[in-house]
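# A look at the structure
Given next are the chains, with one letter for each unit.
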Amino acid sequence: MIYLKLIWSYFKIGLFGFGGGYAMLSLIENEIVSPGWITEKMFTDIVAISQMTPGPIGINSATYIGYVAPGEAGFDGWWWGILGSLICTLVVVLPSFLLVTFASRYIRRHHDSALVKGIFSGLRPVVVGLIASAALLLMNGANFGTENSDIIISVAICVIAFCTVYFTKIHPILIIIAAGFAGWLIY
């Protein structure tokens, strides 16, 4: 049944999704696109929409995918989507909630220990690697196009957005608005 599969997938995402939403993207993509619940194009659209809506990307994508996946599995009716959204949202949050609840007591007591410092020292580079992996995952035909001219324009927009955010103090929301306007003009 689709709901049991969604529960298992989002439990794994919630349990192993260290580093926040961007670090979770490759795990989400592997768990959700590979079984065919959504297409790669839908996945990249979900990432874009999750970025523009308030809240963490992992939770936003869980809510959306939970709504869409039952319909893709043949469950007709909006109530199946609402049920899927509720299940996925709760299940993706549950492992983190439990881990933080129990681990915070230990970490608070032993924050100066070599073991805790070593664990966090090992996790930091992994998080950076997962975020870099997510960036590479999103550099696909669905986001950059398949025609040479589309790829060149998309790479130019990407580089300009990166450089503007990295080298200036311009707010990222203004970059998103400018990129949307540029896409509207160009395409």
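For the structure itself, look to the data block above.
Throughout what follows, the structure given in this document is the object of discussion. (Residues numbered from 1 in each chain as written. Predicted model: local features only at pLDDT ≥ 70, side-chain atom pairs only at ≥ 80, totals over all residues. Heavy atoms only, no water.)

This next bit is on helix H2 (residues 21–32). Burial in H2 covers these residues: Gly21, Ala23, Met24, Leu25, Ile28, Glu29, Glu31 and Ile32. Looking at the buried positions of H2, the neighbouring elements they touch are helix H1 (2–16), helix H3 (40–52), helix H4 (57–72), helix H5 (78–110) and helix H6 (114–137). (Buried < 20%, exposed > 50% of the residue type's maximum accessible area, 1.4 Å probe, protein only. Helix = DSSP H or I, 4+ residues; strand = E, 2+ residues; numbered from the N terminus. Contact = heavy atoms within 4.5 Å.)

The next subject is the packing of aromatic side chains. Per the stated rule, a full pass over the model turns up eight aromatic pairs. Consider the rings of tryptophan 8 and phenylalanine 11, whose centres lie 6.5 Å apart with planes at 20°: the pair is stacked. Of the two residues, tryptophan 8 and phenylalanine 11 both sit in helix H1, three residues apart, roughly one turn of that helix. Ring centres 5.7 Å apart and planes at 35° place the aromatic pair phenylalanine 181 and tryptophan 184 in the tilted group. Of this pair, phenylalanine 181 and tryptophan 184 both sit in helix H9 (residues 172–186), three residues apart, which is roughly one turn of the helix. An aromatic cluster is defined as three or more aromatic residues linked by ring pairs; in this entry it consists of Tyr3, Phe75 and Trp80. (Phe/Tyr/Trp six-rings, centres within 6.5 Å; stacked < 30°, edge-to-face > 60°.)

We now examine the packing of H4 against H5. Between H4 and H5, the shortest axis-to-axis distance is 7 Å and the interhelical angle comes to 145°. Considering the relative orientation of H4 and H5, their crossing is right-handed. Contacts between H4 and H5 involve Gly58, Ile59, Ala62, Thr63, Gly66, Tyr67 and Pro70 from the first element and Trp78, Trp80, Gly81, Ile82, Gly84, Ser85, Cys88, Thr89, Val92 and Val93 from the second. Residue classes in the contact of H4 with H5 are distributed as ten nonpolar, seven polar and no charged. (Axes fitted to C-alpha atoms, helices over the stretch in contact; angles between N-to-C directions. Left-handed = near helix turned anticlockwise from the far one by under 90°. Nonpolar A, V, L, I, M, F, W, Y, C, P; charged D, E, K, R; others polar.)

Let us look at the nonpolar core. Formed by 26 residues in total, the largest nonpolar core has its most connected members in Leu6, Tyr10, Ile28, Ile38, Phe43 and Ile65. Setting aside anything within four residues of it in sequence, one finds isoleucine 65 in contact with Tyr10, Ile28, Ile32, Ile38, Ile46 and Pro70. (Core = buried A, V, L, I, M, F, W, Y, C linked by side-chain atoms within 4.5 Å.)

Before going further, it helps to examine the packing of H5 against H6. H6 packs onto H5 with a crossing angle of 120° between their chain directions and a minimal axis gap of 9 Å. Here H5 is positioned oblique relative to H6, judged by the angle of their axes. Note on packing geometry: the crossing formed by H5 with H6 is left-handed. Listed contacts from H6 to Tyr106, Ile107 and His110 of H5 are Leu115, Val116 and Phe120. In the contact of H5 with H6, the residues fall into five nonpolar, one polar and no charged. (Parallel < 35°, antiparallel > 145°, perpendicular 65-115°, else oblique.)

Take the side chain of serine 85 next. With respect to the secondary-structure elements, serine 85 resides in helix H5. Since its relative accessible area comes to 10%, serine 85 is described here as buried. When sequence neighbours within four positions are dropped, the list of residues in contact with serine 85 reads Thr63, Gly66 and Tyr67.

Limitation: the analysis is restricted to geometry and does not speak to function.
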